[in-house]
Structures are given as C-alpha cells and as structure tokens.
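# Structural description and commentary
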Amino acid sequence: PASGGALGNVERGKSRWLSVRKYESSIRCFEQLRQLKLRVLASDCPPLEAEDAGGFGWQTAKAYGFRATALNELRFERGPGVALVLGNERRGVSRAFLERADGTFYVPMCGLTQSFNISVAAAVALYAVLASGAFPEGSLPEDERTALLGRWCLRDVKAAKPLLRKAGIELIDF
C-alpha cells in the first residue's frame, strides 16, 4: 500500500489502479490537461456569508470574485473527457489555476461541515460526473483502454514481458 508522497494514504492497494503524475507547478499541470483536450473544472470554496469577529472561517475566493457552480448544477456532455481538479482543505486550488479553468465548482454542504477531506470530495465529484450519464462505463476508447491495461499488467504482473513474448505478443513502447 502507498503511504505518503503524491498518493497519501490510498486505501489497501487501490493506488495500483491510479496513474499519478507530478508537475513542478499547477500551471504546468493545467497545460498538460489542455494538451489532452480535456474540459478542466476546478473546485473552489463558496465564500462564507460572514466571518466571525476573530477572523475565523475559510479563506476563499472573496478576493477575486466567487463564480463557482454547485456540483449538482454542472452539466456534463459526451465528448472529450473532463478533468476535475481538487485542492486541499486549507489552501484549495491555486488562484492562477482557477483563473485558467473552464469552470469552477463546489460541493454543496449543510449542517456544521465546512469541507470534506480530499477523498470524500473526489468521490462525490466523480459520482456526479458518472451519474450525469455523459461518460458511461466502458466509454474509454479501445486503444486507450488496451494501452492502460498493458501498462498496469507490465507494472503489476511478475515476469509479464517474458510471458507476453512467449505467447507471441510483441511489446510496443507504452
């Protein structure tokens, strides 16, 4: 199981199903998402209606104007994929990234909760995307799905390369 680093504490080996890339800056990450022709949506926190006298409350987008849409009001369409970008509870997504994103969203909450941890927020956001029906299961193009499965097999199956060669399957660089 992964611990620390880019993956944090991904539960019980689930990290093996993730493709993780690190970027030197959020802007470089944004540029890569653009090259992949993805619709980029970044999470943002709604401003508090009022902060208490001690200044407690979340630092939000107040300084540059809050324009995020509630997650349940977002519309997803078939076509190129969508990248959901989430920040941490304290700092959120960088202002520079928010300004470049195609749109911003927030997860509506009620009660005394002001934020979810990143795994809960990601799960809620991913569910909203899948529930929209715009990206049905199995919608990844066949060639991309095969390449992804190949990378995972080569990474996780002991002696994968010799086994594939023995079966007459030539490897193409993924």
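Residues numbered from 1 in each chain as written. Predicted model: local features only at pLDDT ≥ 70, side-chain atom pairs only at ≥ 80, totals over all residues. Heavy atoms only, no water.

## Some remarks on the packing of aromatic side chains
Across all of its chains, the model carries one aromatic pair by this definition. A ring pair is formed by Phe30 and Phe97, whose centres lie 5.4 Å apart and whose planes are at 90 degrees; its orientation type is edge-to-face. Here the residue Phe30 occupies a position in helix α1 (residues 26-35), and Phe97 occupies one in helix α2 (residues 95-100), the gap between them amounting to 67 residues. For Phe30, a relative accessible area of 8% puts it in the buried group. (Phe/Tyr/Trp six-rings, centres within 6.5 Å; stacked < 30°, edge-to-face > 60°. Helix = DSSP H or I, 4+ residues; strand = E, 2+ residues; numbered from the N terminus. Buried < 20%, exposed > 50% of the residue type's maximum accessible area, 1.4 Å probe, protein only.)

## Points about unusual backbone geometry
For Lys37, which is not glycine, the phi dihedral falls at a positive 60 degrees. Structurally, Lys37 is set in the loop between α1 and β1 (39-43). Its identity as a non-glycine residue notwithstanding, Ala159 has a phi of 60 degrees, on the positive side. Take Ala159: it is sitting in the loop between α4 (142-156) and α5 (160-166). Residue Ala159 is classed as partly exposed on the basis of its relative accessible area of 48%.

## Quick notes on the pattern of salt bridges
Tallying each qualifying case throughout the model produces five salt bridges. Of the charged contacts in the structure, one is a salt bridge between Glu99 and Arg95, with a shortest N-O distance of 3.6 Å. One end of the pair, Glu99, and the other, Arg95, are both in helix α2, four residues apart, so they sit about a helical turn from each other. Under the relative-accessibility criterion, Glu99 is labelled partly exposed at 46%. Between Arg155 and Asp156 there is a salt bridge, and its shortest N-O distance comes to 3.1 Å. What makes Asp156 partly exposed here is its relative accessible area of 33%. (Salt bridge = Lys/Arg side-chain N within 4 Å of Asp/Glu carboxyl O.)

## Digging into the pairing of strand β4 (residues 103-106)
Regular strands place side chains that alternate from one sheet face to the opposite one. Pairing of β1 with β4 involves three bridges; the strand directions are parallel. Note on β4: the bridge partner recorded for Leu41 is Gly103. Examined bridge by bridge, strand β2 (residues 69-70) and β4 share two bridges and lie parallel to one another. Following the sheet pairing, Thr69 is matched in β4 by Phe105. (Pairing = 2+ DSSP bridges.)

## Some words on the pairing of β1
Counting buried positions along β1 gives four out of five residues, so the element sits mostly inside the fold. Inspection of the sheet shows β1 paired to strand β3 (residues 82-85) by four bridges, in the parallel sense. Bridging across to β3, Val40 finds its partner in Ala83.

## Observations regarding the environment of Arg78
Relative to the helices and strands, Arg78 resides in the loop between β2 and β3. Residue classification places Arg78 among the exposed positions, given a relative accessible area of 61%. Distance in space between the C-alpha atoms of Arg78 and Ser132 is 9.8 Å, their sequence separation being 54 residues. In contact with Arg78, not counting residues within four places along its chain, are Gly133, Ala134 and Pro136. (Contact = heavy atoms within 4.5 Å.)

Treat this as a map of the structure, not an account of what it does.
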